[in-house]
Structures are given as structure tokens and as C-alpha cells.
Amino acid sequence: MSLGESSSVSSSAGVAPPIQLTAKEFATICSLAKEEFGLELGQGKEQLVAARLGKVARRHGFRDFPTYYKYLKADQSGQALVELIDALTTNHTSFFREPAHFDFMVREILPAAKRSGALSIWSAACSTGEEPYSIALTAREQGETPQIMATDISTRALDTARRAVYSAERFEQPLPAWLRKHLLKGEGQWQGHYRIGPQVQAMVSFRRLNLIEPLPSLGPFQLIFCRNVMIYFSRETQEHVVRQLEERLEPGGYLFVGHSESLTGIQHNLQQLQPAIYRKRGGSR
Ligand SMILES: C[S@@+](CC[C@H](N)C(=O)[O-])C[C@H]1O[C@@H](n2cnc3c(N)ncnc32)[C@H](O)[C@@H]1O
């Protein structure tokens, strides 16, 4: 999701030249991004931001920042803000990213769920769907069918996730036999693509949700994946997000964060079990 992670900026910048941003205009966008989405754009990102805003602005026929910004502030539908977050973030993700989490699920969480009944999981910041489908595929292969709620702020990412069609290169090759069982192979114009099978798709429901806003009543969940998104938030925002996640975990529930993210220095009441795996105290599972 980071501004730094993407290589698509340069190619998109090739199509739509950047608009010029003064230091003051850059600062204006930085504070808007922080306020609305919790994003810390930071120093050194001026050109990247200009390239991305240029793309959005030109799509609407605006040639300079002030005209675009006027439109952004005047828009009452929320659509302009959605376009802005879509432009500012990239959605880098992959199937079975950070496999230690999936190993832990198979070893610790799914056997306990088998004994105690229903399991509900939240993939917060699910991007284009690879994460929640990886969770569903892992669980299904172990004979479990938890309900997985998958959320993201980006409507563009969620559209891709709901489509559930991925290029074959997105999967390990050659495709392992166990995975082949759950995927539909594309033909004709869809050659070289796979669709996630309907039973796996049915385990996942998608909705748009901004993690820094007060969250609706959700959960409680036995497992929350919130990976590779908090790294771009300020410490203050991270604390706020972790608090909200913690409240939605059932006692004994687990929180997975990205391996390059740590909750060190953040106030929380979770117990760290191993790197990037935390557990809410209490519970009997
Ligand atoms: C790098 S992707 C991580 C995807 C997946 N969790 C993974 O680890 O592979 C980060 C995602 O966070 C989303 N995101 C950014 N700010 C957000 C916010 N305030 N609320 C919810 N999602 C946000 C982005 O749209 C993006 O899809």
C-alpha cells in the first residue's frame, strides 16, 4: 500500500504528467491524507504525490492543483476522497504472504476451532483479496469453513477482490494439487487466469471500512489479520487502530500484524506469542 512500494507510479506518470505542487500544496495534501486516512506521506514523497494526483486531476480535466483541490473540497458524495485514497495508496499484496501466519493458523487456531465450534475472522486492510482468500483456502483445506469479513478503504481494491479472478502468476507455480482443487481455470480470453472457486468465495464477504474512523459494531472475532497497513500510520494512529482491533477480539483471540510491523512502543494489552502474533488475554480456547 505504501507510496514507496509501488512501481506503477512511474508508468502512470508516463500517461498523465504530474501536476506541479508547491511546498504549501504538498503540505495541504499531507494533512488531508493524515486526517482522513491516517496516512503519513512524509518528506521526499512530493514527486510521487504530484504524479498520482496528476492522474486523478487530469481524469477530471483539471490542469492544476488549486482547481483539483477546489473540486475535492466541494464534493459532497465522498467519491473524490475515495479517488484520492485510491491514488495515494498501492495495494501490494500476495497469496499466502508471510507464511508463518498461515502455519500458525493450521497448527494452533484451526484445531482449537474444530473443538470449540464457529470461528470468525477479519481481514482488515484486505487489499485486492489475496489475503482473505488465502485464509479461506487454508481453512477449507483443513476442513473448516469460517466466515471471513474482509475490509479495505479502497473501493478499487475491493472491486478486484470481489471479482476473484487472478493471473496465474499470482500463484505458486507449478500450482500445488491441493490449491488446484479450489480454483477454476480460465479458458479463452481468461486463459492464464484462475477464479477462486465458489465455495471458497462464499466464505468471504467484503465491505469498505476506514480503520481510523470509529468502527461500527463488529465481531467479536477469534482472529484478526491487520497486516502491512499500520506501518504507514503515525504512532498515535497505530495506537488508536490497535485499541479498536483489540476491542473487537474475543478473549483469547489472535491479532496478526505484518512482520515488518511491531507493536513495540504502542500501548496495548495483548500478549506477544511470537513475532507479529499477539493474543488477547483470557478465554478458554
Ligand atoms: C499493503 S496493502 C496490505 C494488504 C494485505 N493486508 C497484506 O498484508 O498483503 C495495505 C492496504 O491497506 C489499505 N488501507 C490504507 N489505509 C487504510 C485505512 N485507513 N483503512 C483501511 N484500509 C486502509 C490500502 O487500501 C491497502 O489495500
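Residues numbered from 1 in each chain as written. Predicted model: local features only at pLDDT ≥ 70, side-chain atom pairs only at ≥ 80, totals over all residues. Heavy atoms only, no water.

Caption draft 1: Geometry of the nonpolar core. In terms of nonpolar packing, the biggest core is built from 37 residues, with Met-105, Tyr-133, Phe-171, Ile-196 and Phe-256 touching the most fellow members. Considering each element in turn, this core owes the most residues, 6 residues, to helix H6 (residues 99-116). Here Met-105 is in contact with Leu-110, Pro-111, Ile-121, Ile-135, Thr-138, Ala-139, Leu-223, Phe-225 and Phe-256, once residues within four sequence places are set aside. Formed by 26 residues, the second largest nonpolar core is a distinct cluster that contains Ala-125, Val-229, Ile-266 and Ala-276. (Core = buried A, V, L, I, M, F, W, Y, C linked by side-chain atoms within 4.5 Å. Buried < 20%, exposed > 50% of the residue type's maximum accessible area, 1.4 Å probe, protein only. Helix = DSSP H or I, 4+ residues; strand = E, 2+ residues; numbered from the N terminus. Contact = heavy atoms within 4.5 Å.)

Caption draft 2: Seen up close, the sheet that holds strand E5 (residues 193-196). Pairing is antiparallel across the open sheet formed by 3 strands, whose spatial order is E3-E5-E4. Of all strands in the sheet, those with a lone pairing partner are strand E3 (165-167) and strand E4 (183-185), marking the two edges. Direction aside, the axes of adjacent strands within the sheet are offset by 35 degrees on average. Alignment of E4 against E5, held across 3 bridges, turns out to be antiparallel. Note on E5: the bridge partner recorded for Leu-184 is Arg-195. (Pairing = 2+ DSSP bridges. Axes fitted to C-alpha atoms, helices over the stretch in contact; angles between N-to-C directions.)

Caption draft 3: Molecular detail of the domain arrangement of the chain. When cut into domains, the chain gives domain 1 (8-88) and domain 2 (99-280). Where domain 1 abuts domain 2, roughly 860 Å² becomes buried across the two surfaces, and 52% of that area is made up of carbon and sulfur atoms. Linking domain 1 with domain 2 are 0 salt bridges, by the criterion used here. Put simply, domain 1 and domain 2 have 4 residue pairs in polar contact (both at pLDDT 80 or more) between them. When contributions to the side of domain 1 that touches domain 2 are tallied by element, the ones reaching two or more residues are helix H2 (23-37) and helix H5 (79-88). Among the elements that make up the side of domain 1 that touches domain 2, the one with the highest residue count is H2 (4 residues). Residue composition of the side of domain 1 that touches domain 2, grouped by class: 4 nonpolar, 1 polar and 5 charged. (Domains from an automatic or database assignment. Buried area = accessible area lost by both parts, 1.4 Å probe. Salt bridge = Lys/Arg side-chain N within 4 Å of Asp/Glu carboxyl O. Polar contact = N/O pair within 3.5 Å; in protein donor to acceptor, adjacent residues only side chain to side chain. Nonpolar A, V, L, I, M, F, W, Y, C, P; charged D, E, K, R; others polar.)

Caption draft 4: Main features of the side chain of Arg-248. Note that Arg-248 resides in the loop between helix H11 (235-247) and strand E8 (249-257). There is a polar contact of 3.4 Å between the side chain of Arg-248 and the side chain of Glu-247. Residue contacts for Arg-248: discarding those within four places in its chain leaves Trp-122, Leu-215, Pro-216, Leu-218, Gly-219, Pro-220, Phe-221 and Ile-224.

Caption draft 5: Structural context of the pairing of E5. Burial along E5 is one-sided: the residues Tyr-194 and Ile-196 are buried and none of His-193 and Arg-195 is. Of the pairings in the sheet, the one linking E3 to E5 comprises 3 bridges and is antiparallel in character. Of the residues in E5, the one forming a bridge with Ser-167 is His-193.

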